[in-house]
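# Structural characterization, general
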Amino acid sequence: NAGVTQTPKFQVLKTGQSMTLQCAQDMNHEYMSWYRQDPGMGLRLIHYSVGAGITDQGEVPNGYNVSRSTTEDFPLRLLSAAPSQTSVYFCASKAGGPFTNIQYFGAGTRLSVL
Amino acid sequence: AQSVAQPEDQVNVAEGNPLTVKCTYSVSGNPYLFWYVQYPNRGLQFLLKYITGDNLVKGSYGFEAEFNKSQTSFHLKKPSALVSDSALYFCAVRAQRRSNDYKLSFGAGTTVTVRA
């Protein structure tokens, strides 16, 4: 019963490097999203997708890119890492429709940018 | 715009005592309200939700929350706290008005410490 799987769990980058955070779900959920968690700020939405081929920006999208070529996968790309992107990143998914409101979260990726 | 306020960064209680974690929200129209819990080095886990109906909602692990529309609050409660309830708790809201708008707004979180 995998649910939402994120890889890697930890990553250290140098400023300017690029990388992709992977997220996969096996629940056939239509909706997927990426959040970052910073102390004292809760979770802030980076990007989200309501289905394969459809993505949109959340409240803090700058410096990040996403794509959704399949229902299962929703990778998050850091184009040129900056120290301000040091954070814990969570991927979440939920079934479509207005009444299926529970989001399921992955275990997170801890990213440090030096 | 929608937002959530959790006025207490930390809540400390003794085991066996009642636990309350406060949450107020702002949203246009009627809200969907949620509580999530995060244990160390883990993702968020769903505790309970308010969609419509009874203002007192019961959830996992003996937690409950009361929706108060006039005070725009959704406080989380547990009658008798356990040491294992020590964790970070998040309140979240989204508006009901659009069925295809699933974006949640989270509060900053409240760290609960239950001492033995």
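Figured I'd write up the structure that's included with this text. Treat the numbers as computed from the prediction; the structure is a model and nothing was measured.

Another point: the overall build of chain B. Across its full length, chain B carries 0 helices and 12 strands. From first element to last, N terminus to C terminus, chain B shows the α and β order β-β-β-β-β-β-β-β-β-β-β-β. For 116 residues, the compact-globule estimate of 2.2 N^0.38 gives 13 Å, and the C-alpha radius of gyration of chain B, at 14 Å, lies within 12% of that figure. With respect to the three principal axes, the spread of C-alpha positions in chain B is 45 × 30 × 25 Å. Out of the 116 residues in chain B, the part that is buried amounts to 47%. Of all intrachain contacts in chain B linking residues separated by at least 6 positions in sequence, the fraction that spans at least 24 positions is 57%. Surface summary for chain B: the accessible area is close to 5,500 Å², and the carbon and sulfur share equals 46%.

All right, on to the nonpolar core then. Core analysis: the biggest nonpolar cluster contains 29 residues, and B:Leu19, B:Trp35, B:Leu47, B:Leu48, B:Phe74, B:Leu76 and B:Tyr89 have the highest contact counts within it. For this core, the secondary-structure elements that each account for two or more residues are β2 (10–14), β3 (19–21), β5 (31–38), β6 (44–50), β8 (64–68), β9 (73–78), β10 (87–95) and β12 (110–115) of chain B. With 5 residues, the top contributor of residues to this core is β10(B). The residues contacting B:Leu76, other than those within four sequence positions of it, are B:Leu19, B:Thr20, B:Val21, B:Trp35, B:Leu47, B:Leu48, B:Phe63, B:Glu64, B:Ala65 and B:Tyr89. Counting residues in each nonpolar core, the second largest holds 20 residues, with A:Leu45, B:Tyr36, B:Ala92 and B:Leu104 among its members.

In this section: the sheet that holds strand β1 (residues 4–7) of chain A. Residues and elements named next belong to chain A. Within the open sheet, the 4 strands sit side by side as β1-β3-β8-β7. Their pairing is antiparallel. Pairing within the sheet leaves two strands with one partner each, and these edge strands are β1 and β7 (64–66). Going across the sheet, the axis of each strand differs from the next one's by a mean of 20°, ignoring polarity. Where β7 meets strand β8 (residues 76–78), 3 bridges bridge the pair, whose relative direction is antiparallel. Directly across from Asn65, in β8, lies its bridge partner Arg77.

Our focus in this paragraph is the environment of A:Tyr31. As for its position among the elements, A:Tyr31 is in strand β4 (residues 31–38). Judged by relative accessible area, which is 0%, A:Tyr31 ranks as buried. Spatially, the C-alpha atom of A:Tyr31 lies 9.8 Å from that of A:Thr55, the residues being 24 residues apart in sequence. In this view, A:Tyr31 contacts A:Tyr48, A:Ser49, A:Val50, A:Ala92, A:Ser93, A:Lys94, A:Gln103, B:Tyr102 and B:Lys103; residues no more than four positions away in its chain are not counted.

On to the pattern of salt bridges. Counted by the stated rule, this structure contains 5 salt bridges over all chains. Ionic pairing is found between A:Asp38 and A:Arg44, a salt bridge with its closest N-O pair at 2.8 Å. Assigned by exposure class, A:Asp38 and A:Arg44 land together as buried. B:Lys77 is the partner of B:Glu66 in a salt bridge, and the nearest nitrogen-oxygen pair spans 3.9 Å. Pair noted here: B:Glu66 is in strand β8 and B:Lys77 is in strand β9, with a separation of 11 residues, a long-range link. Assessed through its relative accessible area of 39%, B:Glu66 is described here as partly exposed. Connected through shared salt-bridge partners, A:Arg36, A:Asp38 and A:Arg44 make up one network.

What follows is about the layout of surface pockets. If you add up the space inside the largest pocket, you get close to 470 Å³. A:Gln37, A:Val88, A:Arg110, B:Gln38 and B:Asn41 are, among the 26 residues lining the largest pocket, the residues nearest its centre. Those elements giving two or more residues to the lining of the largest pocket turn out to be β4, β9 (87–94) and β11 (109–113) of chain A together with β10 of chain B. Of the residues belonging to the lining of the largest pocket, the class tally is 11 nonpolar, 10 polar and 5 charged.

Right, let's get into the state of the cysteines. Under the definition given, this model contains 2 disulfides over all chains. Bridging A:Cys23 to A:Cys91, the disulfide has an S-S length of 1.9 Å. Between A:Cys23 and A:Cys91, the disulfide has an S-S torsion of -70° and is therefore left-handed. Highlighted residues: A:Cys23 in strand β3 (residues 19–25) and A:Cys91 in strand β9, separated in sequence by 68 residues. The disulfide bridge from B:Cys23 ends at B:Cys91, spanning 2.0 Å between sulfur atoms. Disulfide B:Cys23 to B:Cys91: torsion about the S-S bond roughly -60°, handedness left-handed. Highlighted residues: B:Cys23 in the loop between β3 and β4 (24–26) and B:Cys91 in strand β10, separated in sequence by 68 residues. For B:Cys23, a relative accessible area of 0% translates into the label buried.

Conventions used here
- Every chain begins its residue count from 1, and numbering advances along the sequence as written.
- Numbering of ligands from 1 and lettering of chains from A proceed in the order in which they are written.
- Only residues with pLDDT of at least 70 are given local features in this predicted model, and only at 80 or more are side-chain atom pairs given and counted; all residues enter the totals for whole chains, interfaces and linings.
- Heavy atoms throughout the structure, all of them, feed into the side-chain values; hydrogens and water do not.
- Here a strand is any run of E in DSSP of at least two residues, a helix any run of H or I of at least four, and the numbering for each starts at the N terminus.
- C-alpha atoms define the radius of gyration, and 2.2 Å times the number of residues to the power 0.38 defines the globule rule.
- A simple rule labels every residue: compare its accessible area, found with a 1.4 Å probe on the protein chains alone, to the largest value its type can have, and call it buried under 20%, exposed over 50%, or partly exposed in between.
- We call two residues in contact when some of their heavy atoms are within 4.5 Å.
- Reported accessibility uses the Shrake-Rupley method at a 1.4 Å probe radius. Residues are deemed covered only where the shown protein chains occlude them.
- Side-chain atoms within 4.5 Å link the members of a nonpolar core, which is a set of buried Ala, Val, Leu, Ile, Met, Phe, Trp, Tyr and Cys residues.
- If DSSP finds at least two bridges between two strands, the strands pair.
- To obtain each axis, a line is fitted to C-alpha atoms, and for helices this fit is confined to the stretch in contact; angles are then taken between N-to-C directions over 0 to 180 degrees.
- Any Lys or Arg side-chain nitrogen found within 4 Å of a carboxyl oxygen on Asp or Glu counts as a salt bridge.
- Residues are called lining when one of their atoms sits within 4 Å of a cavity or pocket point, these points coming from a 1 Å grid over the protein atoms alone, where a cavity is a set in which a 1.4 Å probe fits but cannot get out and a pocket is an open set with protein on both sides within 12 Å along at least five of seven lines.
- Grid points are joined across faces, edges and corners, and a volume is the space filled by probe spheres set on the points.
- Nonpolar residues are Ala, Val, Leu, Ile, Met, Phe, Trp, Tyr, Cys and Pro. Charged residues are Asp, Glu, Lys and Arg, and all others, Gly as well, are polar.
- Only a pair of cysteine sulfur atoms within 2.5 Å counts as a disulfide in this structure description.

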